[in-house]
Amino acid sequence: MHLDHTPDGPTAVSADARRPDGSRRALRIGLGGPVGSGKTATVAALCRALRDELSLAVVTNDIYTREDAEFLLREAVLPPERITAVETGACPHTAIRDDISANLEAVEDLEDAVGPLDLVLVESGGDNLTATFSKGLVDAQIFVIDVAGGDDIPRKGGPGVTTADLLVVNKTDLAPYVGSDLARMAADAKAQRAELPVVFQSLRSEAGVHDVAAWVRARLAAWAARA
Ligand SMILES: Nc1nc2c(ncn2[C@@H]2O[C@H](COP(=O)(O)OP(=O)(O)OP(=O)(O)O)[C@@H](O)[C@H]2O)c(=O)[nH]1
Ligand SMILES: [Mg+2]
């Protein structure tokens, strides 16, 4: 589990911040969350928001398919050589927490092939509220839930909701249709997370991924300063 946070600063560095050749490695940010909450859509929006200012790449994890990577390729959010799929072939959380070797290899291959990179986004396959990334794989993690999954999800907690460096409550545009109470979700998230940040977003709105992109930029600035 990924537990050593500071409320607004970077978490402990997951591994050596330098590559074997002495160059600074990319900041790695993991995106986890339940099936269909909007992880790939958030990754796509982040790529569009950041690709002109940063060198970035994406690793997706699917159980038996490459669908998330194929979606990102179809949408042309990045050049194809910057998107890699890992087929986990088991419970999604296994590849991001227990045996992270395939993901680490994918990240390192990307750095070799298209580096130097500023940022690598690693999307987990959709999983339950306990899915968290190993600190050996990512430096920070975003947990994406959505309002259609039920407005009691923040209250239920679980490691993703309570300990992720950023909690994203996605699809706020759907709240009126599914009867989700956003104020209650915000209060429950605050109770679970204290000072850790929460972003409510709709990728269908004009603001889109703006707040999450701002959070990523702040993490990158802290990462660059420390490395
Ligand atoms: N209305 C609405 N739909 C959204 C929003 N974000 C994503 N979606 C839709 O929700 C569906 C699932 O989004 P994905 O990004 O594929 O979700 P995911 O978490 O990557 O799903 P898995 O990888 O299968 O776990 C897609 O049809 C998206 O277009 C949003 O903010 N509002
Ligand atoms: Mg996905």
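Under an unreviewed UniProt entry, the chain has the name Urease accessory protein UreG and belongs to Streptomyces djakartensis. The UniProt entry for the chain carries this comment under Function (unreviewed entry): "Facilitates the functional incorporation of the urease nickel metallocenter. This process requires GTP hydrolysis, probably effectuated by UreG." In its Subunit (unreviewed entry) section, the UniProt entry covering the chain states "Homodimer. UreD, UreF and UreG form a complex that acts as a GTP-hydrolysis-dependent molecular chaperone, activating the urease apoprotein by helping to assemble the nickel containing metallocenter of UreC. The UreE protein probably delivers the nickel."

(A) Region of the structure containing the coordination of the magnesium ion (ligand 2). On the protein side, the magnesium ion (ligand 2) has T40 (OG1), D68 (OD), D68 (OD) and E123 (OE) as donor atoms, found 2.0 to 2.7 Å from it. One way to put it: the six donor atoms around the magnesium ion (ligand 2) meet at angles of 50 to 174 degrees, and that makes the site irregular. Donor residues for the magnesium ion (ligand 2) sit on one chain with the sequence pattern T-x27-D-x54-E. Note that T40 is positioned in helix α1 (residues 39-50) and E123 in strand β4 (residues 119-123), a separation of 83 residues in sequence. As far as burial versus exposure is concerned, T40 and E123 are alike and both buried.

(B) Broad picture of the packing of α1 against helix α2 (residues 67-74). Between α1 and α2, the shortest axis-to-axis distance is 10 Å and the interhelical angle comes to 35 degrees. Note on packing geometry: the crossing formed by α1 with α2 is right-handed. Residues T40, V43 and A44 of α1 form the contact with α2, whose participating residues are D68, F71 and L72. A breakdown of the residues in the contact of α1 with α2 according to their chemical character gives four nonpolar, one polar and one charged.

(C) Examining the UniProt feature "domain: CobW/HypB/UreG nucleotide-binding" (unreviewed entry) in the chain more closely. The sites that UniProt annotates as "domain: CobW/HypB/UreG nucleotide-binding" (unreviewed entry) are residues 29-199. Helix and strand shares over residues 29-199 are 39% and 20% respectively, and the end C-alpha atoms of the span are 16 Å apart.

(D) Expanded view of the site of ligand 1. The immediate surroundings of ligand 1 are formed by 18 residues, with K39, T40, A41, D173 and L203 found nearest. A distance of 3.2 Å separates an oxygen atom of ligand 1 from a polar atom in the backbone of S37. Within the contact set of ligand 1, an oxygen atom lies 2.8 Å away from a backbone nitrogen or oxygen of T40. When isolated, ligand 1 has an accessible area of 650 Å², and the protein chains bury 73% of it. When residues of the shell around ligand 1 are assigned to their parent elements, the largest contribution, three residues, is made by α1. Class assignment for the residues of the shell around ligand 1 results in five nonpolar, seven polar and six charged.

(E) Focus on the sheet that holds strand β3 (residues 83-87). Strand order in this open sheet of seven strands is β3-β2-β4-β1-β5-β6-β7, and the pairing throughout is parallel. Among the strands making up the open sheet, the edge pair consists of β3 and β7 (198-200). Strand-to-strand twist of the sheet, defined as the mean angle between neighbouring strand axes without regard to direction, takes the value 20 degrees. Sheet topology places strand β2 (residues 56-62) next to β3; five bridges connect them, and they run parallel. The partner of V58 across the bridge, within β3, is I83. The strands touched by α2 are β2, β3 and β4; relative to β2, the strand with the most contacts, the crossing angle is about 145 degrees. Relative to β7, helix α8 (residues 182-193) is tilted by about 165 degrees, and along the sheet it contacts β5 (140-146), β6 (166-170) and β7.

How each quantity is defined
- Residues numbered from 1 in each chain as written.
- Chains lettered and ligands numbered in written order.
- Predicted model: local features only at pLDDT ≥ 70, side-chain atom pairs only at ≥ 80, totals over all residues.
- Heavy atoms only, no water.
- UniProt positions renumbered as here; feature names shortened; annotations may be inferred.
- Donors = N, O, S within 2.8 Å, 3.2 Å for Na, K, Ca; no water.
- Tetrahedral: all angles 85-135°; square planar, octahedral: opposite > 155°, others 65-115°.
- Helix = DSSP H or I, 4+ residues; strand = E, 2+ residues; numbered from the N terminus.
- Buried < 20%, exposed > 50% of the residue type's maximum accessible area, 1.4 Å probe, protein only.
- Axes fitted to C-alpha atoms, helices over the stretch in contact; angles between N-to-C directions.
- Left-handed = near helix turned anticlockwise from the far one by under 90°.
- Contact = heavy atoms within 4.5 Å.
- Nonpolar A, V, L, I, M, F, W, Y, C, P; charged D, E, K, R; others polar.
- Near = heavy atom within 4 Å.
- Polar contact = N/O pair within 3.5 Å; in protein donor to acceptor, adjacent residues only side chain to side chain.
- Areas by Shrake-Rupley, 256 points an atom, 1.4 Å probe, with all protein chains shown as cover.
- Pairing = 2+ DSSP bridges.

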